Number of protein chains: 2
Amino acid sequence: MPREITAFSNPLVKDVRALREKKGRRRQGMFIAEGLRILTEAREAGRLPAILFYAKGTNHPLLAALIAEVEAAHGDVIETNADILHKLSGKENPQTVLGVFRTWDTSLDRIDRACADLWIVAQALRDPGNLGTILRTGDAVGAGGLILVDECVDPFSVEAVRATMGALFTQTIATTGWPDFIPWLRAGEGELIGTSLNTALDYQEPRYRKPAFILVGNEAQGLPSTYEAECDTLVKIPMRGKADSLNAAVATAVMAYEVINQWRHAGNK
Amino acid sequence: MPREITAFSNPLVKDVRALREKKGRRRQGMFIAEGLRILTEAREAGRLPAILFYAKGTNHPLLAALIAEVEAAHGDVIETNADILHKLSGKENPQTVLGVFRTWDTSLDRIDRACADLWIVAQALRDPGNLGTILRTGDAVGAGGLILVDECVDPFSVEAVRATMGALFTQTIATTGWPDFIPWLRAGEGELIGTSLNTALDYQEPRYRKPAFILVGNEAQGLPSTYEAECDTLVKIPMRGKADSLNAAVATAVMAYEVINQWRHAGNK
């Protein structure tokens, strides 16, 4: 049976609130995901919240299913109110359902490169919206997952989880640093493809090999030059205009579709 | 000489603050753009603010250039403080420079389709970030501009101006409704290309003609079926994953690069 919490002073409320900060997530090993849609995606992907909050009076068959499964898994189901949900999520108009999940291992070891032909690697990606968009693009192009290199937006932050619209639960994400990534990459097959302004090679010229690792740089700075030097193939997406760069998620998508289009057509012949 | 305003009660402060709401922008015919970078882009594109606010003590050659030009154009230059800038912009850490610009005519009549081979048309686009990303993509692919159809995010809203990172000033934007757009489109040359899930035609199959109008639908709903029926060519970007849609700005970019890539290669032959 769900228990009820309506007091701001409840220690659990304080603990969950602390998950809005990176420090709190690290200490507790938990994070927040909001909304019935995202929590249902998580459930379908085999991830249940350890704690499920919902606003009293919420009535939805998907919520009923979620409650049943969380209870069956001996999770904590808590009936509460909009004020508490606002306090937990920090949003003016909070979702009526909020889940607290255990974070999971995002080390590079989790990545089995044999399971996909295409991987996306983002370096110092800062914007949660871009993280979400890149995850959705990765899903669309059949990428094995997203490898976050260096100081990126925390994929377990409230903003990032929101922006991924559930893809956090369905896509494989690894977090690492460049000094660890390169030895890992070079220990197996793989072409590292960087997009850059510092090359004349058109992105449609090379024939890309499998597995391909598409490397995209920070939104403001692009890739450091030493990182570009490490790429097997450095290509330029042509730009005709005044601005000198595409949005990072757009560049990733344009590059990824070129790679899979080449393979699609090779397969058709 | 700049005049100084430090009192919240100053009526100008109240007027500018009102520009954060659509009602205020419509009544005054003005909008806010923040930050020296964006204001410098605007200046280079020939747009000067009618009123320029800057924080006392800000020292930058680009600001000096901006002040000189605004004064030469008989604009109002106002030295102020961080508190007032916070009040005007609504941001916790406001930029030290803020401009108040006159809005301009965004009617379809401004669009001369002969000036470009490619145009982007967004229907019911809601997210300011997507607006900004699509404008930057349009710039990169050499599009003539962006036509916003139906109830879209206001390109003059503070969030949209911020997200466009200056592209608002360099790109042509028109706003219209579908019942006006279609007769305008059909009064001249142009292939209307829609991306959709409701077709089997791969987006790389057709040979696209000039001028091409790429039509992208609302982030959540996609295009209404009657709008799809109006398209000359309805194509599908292949998706291999679980999710059923790409981000709207990503879909626009993938489509736009396919179109210009076809033309690039035709030109090379």
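This one's a predicted model, so the numbers in the text were calculated from it and none came from an experiment.

Criteria and thresholds
Residues numbered from 1 in each chain as written. Chains lettered and ligands numbered in written order. Predicted model: local features only at pLDDT ≥ 70, side-chain atom pairs only at ≥ 80, totals over all residues. Heavy atoms only, no water. Buried < 20%, exposed > 50% of the residue type's maximum accessible area, 1.4 Å probe, protein only. Helix = DSSP H or I, 4+ residues; strand = E, 2+ residues; numbered from the N terminus. Arc of directions from axis to C-beta. Contact = heavy atoms within 4.5 Å. Polar contact = N/O pair within 3.5 Å; in protein donor to acceptor, adjacent residues only side chain to side chain. Least-squares fit on C-alpha atoms with pLDDT ≥ 70 in both. Axes fitted to C-alpha atoms, helices over the stretch in contact; angles between N-to-C directions. Parallel < 35°, antiparallel > 145°, perpendicular 65-115°, else oblique. Left-handed = near helix turned anticlockwise from the far one by under 90°. Nonpolar A, V, L, I, M, F, W, Y, C, P; charged D, E, K, R; others polar. Buried area = accessible area lost by both parts, 1.4 Å probe. Salt bridge = Lys/Arg side-chain N within 4 Å of Asp/Glu carboxyl O. UniProt positions renumbered as here; feature names shortened; annotations may be inferred. Domains from an automatic or database assignment. Core = buried A, V, L, I, M, F, W, Y, C linked by side-chain atoms within 4.5 Å. Lys, Arg positive; Asp, Glu negative; His and termini not counted. Phe/Tyr/Trp six-rings, centres within 6.5 Å; stacked < 30°, edge-to-face > 60°.

Take helix α5 (residues 82-89) of chain A next. Residues and elements named next belong to chain A. Taken together, the buried positions of α5 are occupied by I84, L85, L88 and S89. One side of α5 carries all its buried residues, which in axial view fall inside an arc of 120°. Residues of α5 that are buried make contact with α1 (11-17), β2 (30-34), β3 (51-55), β4 (76-80), β5 (97-102) and α7 (158-164). Its side-chain oxygen 3.1 Å from the backbone nitrogen of D83, N81 forms the N-cap of α5.

Here we come to unusual backbone geometry. Omega for the peptide link from K210(A) to P211(A) comes to -10°, which places this bond in the cis form. Within the secondary structure, P211(A) is located in the loop between β9 (191-195) and β10 (212-216).

Screw-axis analysis of chain B against chain A gives a translation of 0.0 Å along the axis, an RMSD of 0.0 Å, and a rotation angle of 180°. What the rotation and shift describe, once combined, is the action of a two-fold rotation axis. Counting the interface residues of chain B, we find that 100% of their copies in chain A are interface residues as well, pointing to one common contact surface.

Looking now at the packing of helix α3 (residues 36-44) of chain A against helix α4 (residues 61-72) of chain A. Residues and elements named next belong to chain A. Interhelical geometry of α3 versus α4 gives an angle of 50° and a closest axis separation of 10 Å. In terms of axis orientation, α3 runs oblique to α4. Judged by the sense of rotation from one axis to the other, the crossing of α3 with α4 is left-handed. On α4, the residues touching L36, L39, T40 and R43 of α3 are L62, L63, A65, L66 and E69. Of the residues belonging to the contact of α3 with α4, the class tally is six nonpolar, one polar and two charged.

Residue and element names in this part refer to chain B. Note on placement: L131 falls in helix α6 (residues 128-140). The class for L131 is buried, based on a relative accessible area of 0%. For L131 and R264, which are 133 residues apart along the polypeptide, the C-alpha to C-alpha distance reads 26 Å. Those residues within four positions of L131 in sequence are excluded, and the remaining contacts are L125, L146, L148, V153, P155, A160 and T164.

With that out of the way, let us pick up the interface of chain B and chain A. Tallying the contact residues gives 32 residues for chain B and 32 residues for chain A. Of the roughly 2800 Å² buried at the junction of chain B and chain A (both faces included), carbon and sulfur atoms supply 49%. When the buried surface of chain B facing chain A is broken down by residue, R136(B), R240(B) and Y257(B) rank first, second and third, together holding 22% of it. Here chain B is connected to chain A by two salt bridges. For D202(A), the salt bridge identified is with R264(B), shortest N-O distance 2.3 Å. Our count for the contact surface shared by chain B and chain A stands at 17 residue pairs in polar contact (both at pLDDT 80 or more). With nine residues, helix α11 (residues 248-268) of chain B is the single largest residue contributor to the side of chain B that touches chain A. Here the side of chain B that touches chain A is composed, by residue class, of 14 nonpolar, 10 polar and eight charged.

This brings us to the UniProt feature "domain: RNA 2-O ribose methyltransferase substrate binding" (unreviewed entry) in chain A. Per the UniProt record, the feature "domain: RNA 2-O ribose methyltransferase substrate binding" (unreviewed entry) sits at residues 32-107 of chain A. Along residues 32-107 of chain A one finds 38% helix and 25% strand; the C-alpha atoms at either end are 20 Å apart.

Our next topic: the domain arrangement of chain A. Residue and element names in this part refer to chain A. Segmentation of chain A into domains returns domain 1 (3-102) and domain 2 (108-268). Here the C-alpha centre of domain 2 lies 32 Å away from the C-alpha centre of domain 1. On the domain 2 side, the residues contacting the 16 residues of domain 1 number 13 residues. Between domain 1 and domain 2, roughly 1300 Å² of surface is buried when both sides are summed, and carbon and sulfur atoms account for 62% of that area. Counting every contact that joins domain 1 to domain 2 gives two salt bridges. R162 is the salt-bridge partner of E34, the closest N and O atoms lying 3.0 Å from each other. At the level of secondary structure, the elements contributing two or more residues to the side of domain 1 that touches domain 2 comprise α2 (22-28), β2 and α3. Within the side of domain 1 that touches domain 2, the residues separate by chemical class into seven nonpolar, one polar and eight charged.

Within the largest apolar cluster, 116 residues are counted, with the highest numbers of intra-cluster contacts made by L118(A) and L118(B). Among residues more than four places away in sequence, those in contact with L118(B) are V141(B), A143(B), G144(B), A212(B), I214(B), A256(B), V259(B), I260(B) and W263(B).

This part is about the side chain of R113(B). Residues and elements named next belong to chain B. Following the sequence through the fold, R113 ends up in the loop between β5 (97-102) and β6 (118-123). It is D112 that comes nearest to the buried, bridge-free R113 among opposite-charge side chains, at 6.8 Å. There is a polar contact of 2.7 Å between the side chain of R113 and the backbone oxygen of E189. In contact with R113, other than residues within four places in its own chain, are W119, W184, L185, A187, G188, E189 and F213.

With the rule as written, the count across this model stands at 26 aromatic pairs over all chains. Relative to F156(A), the ring of W104(A) has its centre 5.2 Å away and its plane inclined at 85°; by these criteria the two rings are edge-to-face. In this pair, W104(A) is assigned in the loop between β5 and β6 (118-123) and F156(A) in the loop between β7 (145-149) and α7, connecting sequence segments 52 residues apart. Each member of the pair W104(A) and F156(A) is classed as buried. The interplanar angle of 80° and the centroid separation of 5.7 Å between the aromatic rings of F31(B) and W104(B) together place this pair among those described as edge-to-face. In this pair, F31(B) sits in strand β2 (residues 30-34) while W104(B) sits in the loop between β5 and β6, placing the two residues 73 residues apart along the sequence. Ring pairing ties together the aromatic residues W119(A), W178(A), F181(A), W184(A), F213(A) and Y227(A), which thus form one cluster.

What the rule picks out here adds up to 20 salt bridges over all chains. In this structure, D117(A) and K210(A) form a salt bridge, with 3.6 Å as the shortest nitrogen-oxygen distance. With D117(A) in the loop between β5 and β6 and K210(A) in the loop between β9 and β10, the pair connects residues that are 93 residues apart, well separated along the chain. What makes D117(A) partly exposed here is its relative accessible area of 37%. A salt bridge links D154(B) to R25(B), with the shortest nitrogen-to-oxygen separation between them at 2.8 Å. Here the residue D154(B) occupies a position in the loop between β7 (145-149) and α7 (158-164), and R25(B) occupies one in helix α2 (residues 22-28), the gap between them amounting to 129 residues.

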